[in-house]
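Close look at the chain arrangement
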Amino acid sequence: MIDVAKLSKFYGPTRAVENVTFTAEKGEILGLLGPNGAGKTTIMRMLTGYFAPTSGKARIAGFDIVEEPLEVKKRIGYLPEILPLYHEMVVTNYLEFIAELKGVPFKERKLRVAKVLEMARIEDVKHRIIGRLSRGYKQRVGLAQALIHDPEVLILDEPTIGLDPKQIIEIRQLIKQLGGTRTVILSSHILPEVSMTCEKIVIIDKGSVVAVDDQAGLSAKLAGNSRIILKIKGDPAKATARFEKIKDVKGVFGEKKDGLTSLTFECAKGKDVREDIFHAVVDSGLVIYEMKTATMSLEDVFLKLTTKEEGV
Amino acid sequence: MSKVWAIAKREFKNYFVSPVAYILIVMFVLIVGLFFNFLYVTRFSYAQLDSIVYNMTNIFMFFSPMLTMKLFSEEKKLGTIELLYTSPVTVTEVVLGKYLGSILFFGVVFGIMLQFPAFVLIYGKPDFWPMVSCLLGFVLAACTYLAIGMFASSLTESQMGSAMIGFALVIFFWIVSIISDNIAGPAGNWLGNLSMSKHFIDFLKGIVDAGNVFFFVALSSLFVFLTIRRLEWKRW
């Protein structure tokens, strides 16, 4: 449904986004996760046709975003981070205007407006002036606007920003419901947000994709792979062969510091391999200075990926 | 086209949301009325439209940037421009819609202004067609002001800024003839042809010259086109 290939955006020589590649299937909810300024909004703006990419391709519902922007725009509902609301308009008038703008036929407009009022739960404020609504209601009017023409693809930039916890839960449920039939891309810099709603997660940092994972992969990490951190003296190459024989160790990463080598062992969940490691080190004639266990949460994964440490 | 109309309708209604439009209309009617009283009632008992239309056109020059300053500046500031850019409408449709909206509002102003020719018709015996020619000149000049003002509005996020730029541009195209009169040769001639006032004056005399009509249509089209280019600049 959404096929992004090597998409880049430069502002003059400044890189905003470079070589971003990912795909999303029909009905999938994809989360763009990254710290502020990572380029999430830039990616969304390219997909929605707000501006053209410097290079690369993207197709939405089979249409190229550069060659057939109007066809793409017809199929997209977009909630920008800065809510595109005309503050002096009444909610229903605003939604009717958007419906007209998005090409909803005259006969269906009233029906669609009623439908999105219900979906976004803003029926009680439908006759009020948008500028006088609270932030939470404004956010929901913004969401209603994105849904008005029943788009196949929804692109939501920070959809729960500025909402209270109860509203956040409601919006998440709504997004999940929408996901069944539509493809949703949402962005967030808050991890639980993405891990709770999205099936596929694309982690972005400094304009590049640093990881693409599905819900299951991240859940595994969230549940906590156990890690063992070891500091040893001597050449770790001697022990490599022994380490590889230990069952349940998925990977070893190392770095040298002050004459000691610090090794990190990624282990399968719930397995304790400390004893095996101990024997492996001692048998290879090395000395252990320190051994400790650490669990890695999804927050750690995210932080590690976005702060460019080694490993993971 | 239906989308042009949707945008125009919203823009037109938008004028009546804030009190600014009402204040502008009242001020415009008051000032033109004052001139009308002075020129037609107390002094000369004049039965032609040219002098009141001349004043109307000059006064509207000061009002037009205030009518157009919001068109794009506000959208940019509020971020609603993102909605327009990401909707299935072309930039051309957006610009035409906005322009049409401002012309519709001008239509209301023009409707109110028609009282002055009506008074002249009721109380005097004017020649009918020269009146039409005067009013046509007013409409053409006003639409050109609006196009120039809309372009100014696309340049900056600040409404005040766009009003200033719009005003400066309109003034330039109005009085450029004064500069050109002091330049001899073809350069002066060429510059003089850019002047709205030179092309406007014939309408007041009751002469509808195709060249003059074309000038106003071309100048408005140029600024509509420049607005489109400005909004597409650095995006596509």
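Residues numbered from 1 in each chain as written. Chains lettered and ligands numbered in written order. Predicted model: local features only at pLDDT ≥ 70, side-chain atom pairs only at ≥ 80, totals over all residues.

A word on the pairing of strand β3 (residues 29–33) of chain A. All names here are of chain A. Counting buried residues in β3 gives 5 out of 5 residues, a clear majority hidden from the surface. Covered by surrounding structure in β3 are I29, G31 and L33 together with L30 and L32, the residues of both alternating faces. Direction of pairing for β3 relative to strand β8 (residues 183–188): parallel, over a ladder of 5 bridges. Counted as the bridge partner of L33 is S188 from β8. Pairing of β3 with strand β9 (residues 200–205), which is carried by 4 bridges, proceeds in the parallel orientation. When the bridges of β9 are listed, L33 appears paired with I203. (Buried ≥ 20, exposed ≤ 12 C-beta atoms within 10 Å, placed from the backbone. Helix = DSSP H or I, 4+ residues; strand = E, 2+ residues; numbered from the N terminus. Pairing = 2+ DSSP bridges.)

A word on the confidence of the model for chain B. One rule of thumb: low pLDDT means the predicted coordinates there are not for detailed reading. All names here are of chain B. Looking at chain B as a whole, its pLDDT mean stands at 91, while 97% of the residues score no less than 70. Considering each helix and strand of chain B separately, the mean pLDDT is smallest for helix α10 (residues 185–192), with a value of 82, and largest for helix α6 (residues 91–113), with 96. ipTM for the predicted complex: 0.89, alongside a pTM of 0.83. (pLDDT = per-residue confidence, 0-100.)

Time to look at the sheet that holds strand β4 (residues 55–60) of chain A. If you trace the 4 strands from one edge of the open sheet to the other, you get β2-β1-β4-β5 (chain A), paired in antiparallel fashion. Lying at the two open borders of the sheet, with one neighbouring strand each, are β2 (14–24) and β5 (63–64) of chain A.

With that out of the way, let us pick up the pairing of strand β6 (residues 76–79) of chain A. Residues and elements named next belong to chain A. Residues I76 and Y78 point to one face of β6 and G77 and L79 to the other, with burial holding for every one of them. Sheet topology places β6 next to strand β7 (residues 153–157); 4 bridges connect them, and they run parallel. For G77, the partnering residue across the bridge sits in β7 and is L154.

Below, the discussion takes up the sheet that holds β6(A). Residues and elements named next belong to chain A. Pairing is mixed in the open sheet, where 6 strands are placed in the order β6-β7-β8-β3-β9-β10. Single-partner strands in this sheet number two, and they are β6 and β10 (208–214). Across the sheet, the axes of successive neighbouring strands diverge by a mean angle of 15 degrees, strand direction being ignored. Relative to β8, β7 runs parallel, the two sharing 5 bridges. Looking at the pairing, V153 lines up with T183 of β8. Contacts from helix α5 (residues 135–147) reach β6 and β7 within the one sheet, and its direction differs from that of β6 by about 165 degrees. (Axes fitted to C-alpha atoms, helices over the stretch in contact; angles between N-to-C directions. Contact = placed C-beta atoms within 7 Å.)

Residues and elements named next belong to chain A. With 14 residues, helix α4 (residues 106–119) should reach 20 Å at 1.5 Å per residue; the first-to-last C-alpha distance of 20 Å fits that figure. Residues of α4 that are buried: R112, V113, V116 and L117. Just downstream of α4 lies R121, where phi reads positive at about 55 degrees. (Expected span 1.5 Å × (residues − 1).)

Attention now goes to the environment of F216(B). All names here are of chain B. Looking at where F216 falls in the secondary structure, it is placed in helix α12 (residues 210–232). Considered as a pair, F216 and H199 are 17 residues apart in the sequence and their alpha carbons are 8.1 Å apart. Among residues more than four places away in sequence, those in contact with F216 are L140, A141, T144 and H199.

Next up on the list: unusual backbone geometry. All names here are of chain A. Positive phi values are uncommon outside glycine, yet K6 reaches one of about 50 degrees. Mapped onto the secondary structure, K6 falls in strand β1 (residues 2–11). Its identity as a non-glycine residue notwithstanding, A61 has a phi of 50 degrees, on the positive side. By the secondary structure assignment, A61 is in the loop between β4 and β5.

Quick look at the nonpolar core now. Membership of the largest hydrophobic core comes to 129 residues, with the highest contact counts inside it found for Y94(A), L95(A), A144(A), I155(A), V184(A) and V202(A). The greatest single-element share of this core, amounting to 12 residues, is contributed by helix α8 (residues 128–155) of chain B. Residues in contact with V202(A), not counting those within four places in the same chain, are F22(A), L30(A), G31(A), L32(A), L33(A), V209(A) and V212(A). (Core = buried A, V, L, I, M, F, W, Y, C linked by C-beta atoms within 7 Å.)

Right, let's get into the interface of chain B and chain A. Listed by partner, the interface residues are 16 residues for chain B and 20 residues for chain A. For the side of chain B that touches chain A, the secondary structure elements donating two or more residues are α1 (2–15) and α5 (81–85) of chain B. Among the residues forming the side of chain B that touches chain A, the class breakdown is 7 nonpolar, 5 polar and 4 charged. (Nonpolar A, V, L, I, M, F, W, Y, C, P; charged D, E, K, R; others polar.)

Next up on the list: the confidence of the model for chain A. Here chain A averages 85 in pLDDT, while 89% of its residues score no lower than 70. Looking at the elements of chain A, mean pLDDT is at its lowest for helix α8 (residues 215–223) of chain A, recorded as 61, and at its highest for helix α3 (residues 91–101) of chain A, recorded as 95.

Now for the packing of α8(B) against helix α9 (residues 159–181) of chain B. Residues and elements named next belong to chain B. Here α8 crosses α9 at 140 degrees, and the two axes come no closer than 8 Å. The angle between the axes of α8 and α9 places the two elements in the oblique class. You can see that α8 and α9 cross each other, and the crossing is right-handed. Counting all contacts with α8, which are made through Y145, I148, G149, A152, S153 and L155, the residues of α9 involved are S162, I165, G166, L169, V170 and F173. (Parallel < 35°, antiparallel > 145°, perpendicular 65-115°, else oblique. Left-handed = near helix turned anticlockwise from the far one by under 90°.)

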